[in-house]
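Fold and contact review
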Amino acid sequence: QVQLVESGGGLVQPGDSLRLSCAASGIIFSDYAMGWYRQAPGKQREWVAGITGAGRTNYVPSVKGRFTISRDNAKNTVYLQMNSLKPEDTAVYYCKADHIFILRNYWGQGTQVTVSM
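Described in the following lines is the structure provided in the data block. The model shown is predicted, which means the values in this text are computed figures rather than measured ones. (Residues numbered from 1 in each chain as written. Predicted model: local features only at pLDDT ≥ 70, side-chain atom pairs only at ≥ 80, totals over all residues. Heavy atoms only, no water.)

Tracing the chain through its elements places Ala-40 in the loop between β4 (32-39) and β5 (46-51). Along the primary structure Ala-40 and Val-113 are separated by 73 residues, whereas in three dimensions their C-alpha atoms are 9.6 Å apart. Those residues in contact with Ala-40 that sit more than four places away from it in its chain are Thr-90 and Ala-91. (Helix = DSSP H or I, 4+ residues; strand = E, 2+ residues; numbered from the N terminus. Contact = heavy atoms within 4.5 Å.)

Turning next to the side chain of Arg-38. Along the chain, Arg-38 turns up in strand β4. At 2.6 Å, the side chain of Arg-38 forms a polar contact with the side chain of Glu-46. A polar contact is formed between the side chain of Arg-38 and the side chain of Tyr-93, at a distance of 2.9 Å. Discounting chain neighbours no more than four positions away, the residues touching Arg-38 are Gln-44, Arg-45, Glu-46, Val-48, Ser-62, Val-63, Phe-67, Glu-88, Asp-89, Ala-91, Val-92 and Tyr-93. (Polar contact = N/O pair within 3.5 Å; in protein donor to acceptor, adjacent residues only side chain to side chain.)

Turning next to the pattern of salt bridges. Summed over all chains, the structure comprises four salt bridges. The shortest N-O distance in the salt bridge between Glu-46 and Arg-38 comes to 2.6 Å. With relative accessibility at 32%, the residue Glu-46 sits in the partly exposed group. A salt bridge links Asp-89 to Arg-66; the shortest N-O distance between them is 2.8 Å. One end of the pair, Asp-89, is in the loop between β8 (77-82) and β9 (91-99); the other, Arg-66, is in the loop between β6 (57-59) and β7 (67-72), and 23 residues separate them in sequence. (Salt bridge = Lys/Arg side-chain N within 4 Å of Asp/Glu carboxyl O. Buried < 20%, exposed > 50% of the residue type's maximum accessible area, 1.4 Å probe, protein only.)

So this is what it looks like as structure tokens:
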């Protein structure tokens, strides 16, 4: 059974930091590119950051320089370090695993991030 379990969300003030984690089980983690997505109320889900199995990273321009995605293949975990958080970062954050060779993907259940005074 494949599971992606996000954690680390919460309520913070503008300028604060959070680190999200996504622990995967039931997959060969290194065979998957990992991504973080977010969905704000009333908006479509958007891609935020991605990391390949080899560790190459990419970001949506609105978070570049503030967010850092990383992975620990030994722990089957992907992280999203979020610094200098802004109210517009408020959303439910989801991790996604995409197999690098075949069309197969999995989603986590999401974790809420709220940035507010």
